[in-house]
Each structure stands twice: as structure tokens, then as C-alpha cells.
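The residues making up each chain are set out below.
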Amino acid sequence: MFSFMVVLIALIAAVLVLVILMQSGQGQGLSGIASGGATRQVLGTRQAPDMLEKATWTLAAVFISLCVITNFFIDTGEQESVIQQRAQDNPSQQGQTPPGQGNGAAPLPGQGGGSGPSGSGPSGGGGN
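Just so we're clear, the structure is a prediction, and the values are computed from it rather than from any experiment. (Residues numbered from 1 in each chain as written. Predicted model: local features only at pLDDT ≥ 70, side-chain atom pairs only at ≥ 80, totals over all residues. Heavy atoms only, no water.)

Some remarks on the overall build of the chain
Stated precisely, the cut-off is as follows: By the criteria applied, helices consist of DSSP H or I runs no shorter than four residues and strands consist of E runs no shorter than two, each listed in order from the N terminus. Relative accessibility decides the category of a residue: with a 1.4 Å probe and only protein chains considered, values under 20% of the type maximum give buried, values over 50% give exposed, and everything between is partly exposed. Whether two residues are in contact is decided by their heavy atoms, any of which lying within 4.5 Å being enough. Accessible surface area values rest on a Shrake-Rupley calculation with a 1.4 Å probe, where residue burial reflects the displayed protein chains alone.
When its secondary structure is counted, the chain shows four helices and zero strands. Counting helices and strands in the order they occur from the N terminus, the chain gives α-α-α-α. Residue burial in the chain is summarised as follows: out of 128 residues, 11% are buried. Taking the intrachain contacts of the chain between residues at least 6 apart in sequence as the baseline, contacts between residues at least 24 apart amount to 53%. As presented, the chain carries roughly 10,300 Å² of accessible surface, and 60% of it is formed by carbon and sulfur atoms.

This is the structure we're talking about:
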């Protein structure tokens, strides 16, 4: 359904562009070029611009409405993000401490807990 709506919006957009280009502006636009001015001959002198303007407003309203309605047809599916998938795959790791902070890990330099090469262990240092 979503693909159908997108195709319909694209077709309306193409027709809207053509209708806008057919309108006469200050430079007469493409309305005099298209079909040799047949729109003015078939519809009359004043009726063609009015009809093109009404068609423009109608197509624009339909275009905007379909764009808003299409949002409700987007298929979200049951896709999960990578973060959600990893959280479900590893539920036991959520309550654990990070690596390096466990019981058997060596302390980082400057945090104490062991005697280093400088002799600054719990005994208080080297002697003479």
C-alpha cells in the first residue's frame, strides 16, 4: 500500500508541474505554446486560466493530503535496533562490572593495591 501511495504522489506531482507550467504568467508561460493556444480556443478566453488555477489548487491539496496520509501506511515491521538486539542476546552482562574492575584484575597505576617497581607498597618503601 505504501508503494502505491508513493507512486500516486509522484504522478500527481508530475501533473501538478504540467498544470503550473501551462498557466500564463507575466511572460505568458507555456500556455500559449502548448497546443498552439488550443486551451483558449476550446475553453474560451477567460475560462482557461480559471480552470488551470482551480486544477492547481485541487492538485496541490490532494498532493499534501496524500503526503500526510502516506505516513500512516509506512510499514514499521517488528524490526529492532542493534542496541535492543544486543541487550536481548546478552542479558547476563547487564549487571556485571566492567572488565578491569573485577576481583582478579590488577589495579591501574596510581590506584595502589600492590607494590610496584618503585617500592611504594604497603610496607612503606625501600630501605638503605
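Picking up where we left off.
Things to note about a nonpolar patch on the surface
Going by this rule: Patches here are clusters of residues that have more than 30% relative accessible area and form no salt bridge, with a 9 Å joining cutoff for like charges and a 5 Å cutoff for nonpolar side chains (Val, Leu, Ile, Met, Phe, Trp, Tyr). Each reported salt bridge corresponds to a side-chain nitrogen of Lys or Arg within 4 Å of a carboxyl oxygen of Asp or Glu.
Taken together, the side chains of Met1, Phe2, Phe4, Val6, Ile64, Val68, Ile69, Phe72, Phe73 and Ile74 make up a nonpolar region of the molecular surface, amounting to roughly 1,000 Å² of accessible area. Those elements that provide at least two residues to the nonpolar patch are α1 (2-22) and α3 (47-70). Examined against the element boundaries, isoleucine 74 turns out to sit in the loop between α3 and α4 (82-89). A residue is classified by how much of its surface remains accessible, and isoleucine 74, at 43% relative accessible area, is partly exposed.

A closer look at the side chain of threonine 56
Among the structural elements, threonine 56 can be located in helix α3. Setting aside residues up to four positions removed in sequence, threonine 56 forms contacts with Leu16, Val19, Ile20 and Gln23.

What about the nonpolar core?
Let me state the cut-off plainly: Throughout this description, the term nonpolar core refers to a set of buried Ala, Val, Leu, Ile, Met, Phe, Trp, Tyr and Cys residues connected via side-chain atoms within 4.5 Å.
Met5, Ile9, Ile12, Leu16, Val19, Leu52, Leu59 and Leu66 together form the largest nonpolar core, which totals eight residues. Looking at this core, the elements with two or more residues in it are α1 and α3. By residue number, the principal contributor to this core is α1, which donates five residues. Beyond its immediate stretch of four places on either side in the chain, isoleucine 12 contacts Leu59, Val62, Phe63 and Leu66.

Side note on the confidence of the model for the chain
Quick reminder of the rule: Confidence scores here are pLDDT values: one per residue, from the predictor, ranging 0 to 100.
This prediction gives the chain a mean pLDDT of 73; 55% of its residues lie at or above 70. Element-level pLDDT for the chain is lowest in helix α2 (residues 38-43), with a mean of 54, against a maximum mean of 92 in α1.

Quick word on α1
Here is the rule we go by: Multiplying 1.5 Å by the residue count of a helix minus one yields the expected span of that helix. Summarising the geometry, the arc corresponds to the directions from the helix axis toward the C-beta atoms.
In this model, α1 (21 residues) spans 30 Å end to end at C-alpha, consistent with the 30 Å of a helix rising 1.5 Å per residue. Turning to α1, its buried residues number three or more, namely Met5, Ile9, Ile12, Leu16 and Val19. Projection of α1 onto a plane perpendicular to its axis shows the buried side chains occupying an angular sector of 90 degrees, all on one side. With respect to the buried face of α1, the exposed residues turned more than 90 degrees away are Ser3, Leu11 and Leu18.

Focus on the environment of glutamate 53
On the secondary structure map, glutamate 53 appears in helix α3. Judged by relative accessible area, glutamate 53 falls into the partly exposed class, the value being 43%.

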